[in-house]
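Observations on the three-dimensional arrangement
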Amino acid sequence: MDNWKPSTKAVHAGTKRSQFGELSEAIFMTQGFLYDSAEQAEARFIEAGEEEFIYARYGNPTVAMFEERMAAIEGAEDAFATASGMAAVNGALMSLVKAGDHVVAARALFGSCLFIVEEILPKFGVEVTLVDGTDLDAWREAVRPDTKVCFLEAISNPTLEVIDIAGVSEIAHAAGAVVVVDNVFATPVFQRSLELGADVVVYSATKHIDGQGRCLGGIVLGTKEFVRGPLQTYLKHTGAALSPFNAWVMLKGLETLALRCEAQAANATYLAEKLGGHEALSKVIYPFAKDHPQRELAQKQMTRGGTVLSLELAGGKEAAFKFLNALQIVRISNNLGDAKSIITHPATTTHQRLSDEQRAGLGISDGLVRISIGLEDRDDLLADMLAALAG
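Let us look at the structure shown here. Model, not experiment: these values are computed from the prediction. In every chain, residue numbers begin from 1 and rise along the written sequence. At least 70 in pLDDT is required for a residue's local features to be given in this predicted model, at least 80 for side-chain atom pairs to be given and counted, and no such filter applies to totals for whole chains, interfaces and linings, which use all residues. Hydrogens and water molecules were not included; the side-chain quantities draw on all heavy atoms of the structure.

1. Details of the sheet that holds strand E8 (residues 281–285)
For clarity, the threshold we go by: Two strands qualify as a pair provided that DSSP identifies no fewer than 2 bridges between them. Numbered from the N terminus, helices here are DSSP runs of H or I no shorter than four residues, and strands are runs of E no shorter than two. Contact criterion: two residues are considered in contact whenever any of their non-hydrogen atoms come within 4.5 Å of each other. Geometry is summarised by axes, namely lines fitted to C-alpha atoms with helices restricted to the contacting stretch, and by angles between N-to-C directions that run from 0 to 180 degrees.
Reading across the sheet, the 5 strands line up as E8-E9-E12-E11-E10 and stay open at both edges, with mixed pairing between neighbours. Across the chains shown, the open sheet's two edge strands, defined by having one partner strand only, are E8 and strand E10 (331–332). Summarising the sheet, strand E9 (residues 308–313) and strand E12 (residues 368–372) pair through 5 bridges and their orientation is antiparallel. Note on E12: the bridge partner recorded for Glu312 is Leu368. Across the face of the sheet, helix H12 (residues 257–275) comes into contact with E8 and E9 while running at roughly 20 degrees to E9. Running over the sheet, helix H14 (residues 316–326) touches E9, E10, strand E11 (342–344) and E12 and is turned about 130 degrees from E9.

Encoded structure:
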C-alpha cells in the first residue's frame, strides 16, 4: 500500500473484513465489546491491542477503518476521528496546551475557531496572540519561548488568504512549538500539509469528505505518539467520539473524494475566470486567480485552487442579499464542500458575532459572499450567477 497513490488509498486503505467477507465496509453499531474472561478484560484495560476494543467512546472497528484510511491518504502516522470538525479543532488544541502556555494563531479563522482561541483557551489560562497569517514577520514577532502551538487555516474562511505553511513551521519549530493546520479548504486532495512542515492536521469531515450533506464528523492527524497519547486521552474522556454510522458514511465519501474535488475545483476555476471584472462585483477571490495576492504561494502548496470562491458585491449588504435571493441553482446554506453549490453571507452568519471593526480587519465586508462550488454543469452555474447579478 505504501506505493499506492492517494486516490487508490482512499478506496482501499484500512479496510477490515469480518468472517463474512463483505465487499463494502461493515458498520459495527455497538457501544461495548465482550471479553472471554475477566483476565482478558483486565489486560485490555491495561493496554488494548490494535484489533481490540473496549467501548465506543474509545474506539470502534468502523471508526478505526476511517482513521486508518485518512492517515494513509494524508501521509500521517495515525488519526483520531471525532463527532464534528470543531471537536477535532478543540481536541487538537486542548490536548497540546495547559494553563500558562502561549498560542499564536492566524486572525483570519472560521467563527467557531476564533471562539476557541479568543474565549475558551484564555478561560483556562492559555494566552493567545492573533497575527496576520500571511505575514511571516508577524509570526516571528509573536512567537515566544513559552509558545506551544501555532494554529492556522491553510486557506482562511471566508476571505481565502493562503498561508505559507513551510514558513510558519520553520518559525514555530525553531521555538519548539507545534504547528496545527486546519486543512478543510485545501482538502486532502489538493494539499498535504504534513509534507509542508505541519505537525498536526485537522479536518471537518462534514465538508468534502462526506461531501453530500449527510452527517457531521471530524478527524485529527499526526504522529502516533501524539494521537495515541495526549490527544486520545483527552478525547476519549471528554466524549467527542464519532458514531460508527457516520464513520461508514465518511468511508463511502472517501471513495469518490478525488473525483468530486477535482470536478468542483474545475468549476470554481471556470467561474472565477468568467466572473472577474463584472460591473456588479468589486472583487472576485480565488486562490489560483491571477490577481490573488498569494497566487504564487497557492500554486506552490496546492495542486488546484480549491472548491470555494468568494465574491464582493459593490452594493454592500443590500446587493448581497438580493444576489442570494435571486439565485435558482445555488442555494443558501452555511456548509461547504457539498456536491450542491451553496452560498452564505459571512457577515450575518458564520462571522456575525464579530464586531464591525473585527470583520473589517479580516476583510469581511457587508458585500462579501462565500460560494462553495458543487458538481452542477458549469455553464448552468454561470448563467444562474449572471442572472442574479443582473438583478
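There is more to say, and it comes next.
2. Describing the nonpolar core
For clarity, the cut-off: Buried residues of nine kinds, namely Ala, Val, Leu, Ile, Met, Phe, Trp, Tyr and Cys, make up a nonpolar core once their side-chain atoms join them within 4.5 Å. Partly exposed describes any residue whose relative accessible area lies between the buried limit of under 20% and the exposed limit of over 50%, with all areas from a 1.4 Å probe on protein chains only and scaled to the type maximum.
Within the largest apolar cluster, 120 residues are counted, with the highest numbers of intra-cluster contacts made by Phe66, Phe151, Phe323 and Ile371. With 8 residues, H12 is the single largest residue contributor to this core. Beyond its immediate chain neighbours, meaning those up to four positions away, Phe151 contacts Val89, Leu93, Val104, Ala105, Ala106, Leu109, Cys113, Val117, Trp139, Val180 and Asp182.

3. Let's talk about a nonpolar patch on the surface
Formally: In this scheme, patches are assembled from residues that exceed 30% relative accessible area and form no salt bridge. Like charges are connected within 9 Å, while nonpolar side chains (Val, Leu, Ile, Met, Phe, Trp, Tyr) are connected within 5 Å. Throughout, the Shrake-Rupley method with a 1.4 Å probe supplies accessible areas, and for residues the shown protein chains are the sole cover considered. Definition used for salt bridges: Asp or Glu carboxyl oxygen within 4 Å of a side-chain nitrogen of Lys or Arg.
A surface patch of nonpolar side chains, amounting to about 290 Å² of accessible area, comprises Ile27, Met29 and Phe245. By secondary structure assignment, the location of Met29 is in the loop between helix H1 (6–12) and helix H2 (38–46).

By themselves these figures say nothing about function.
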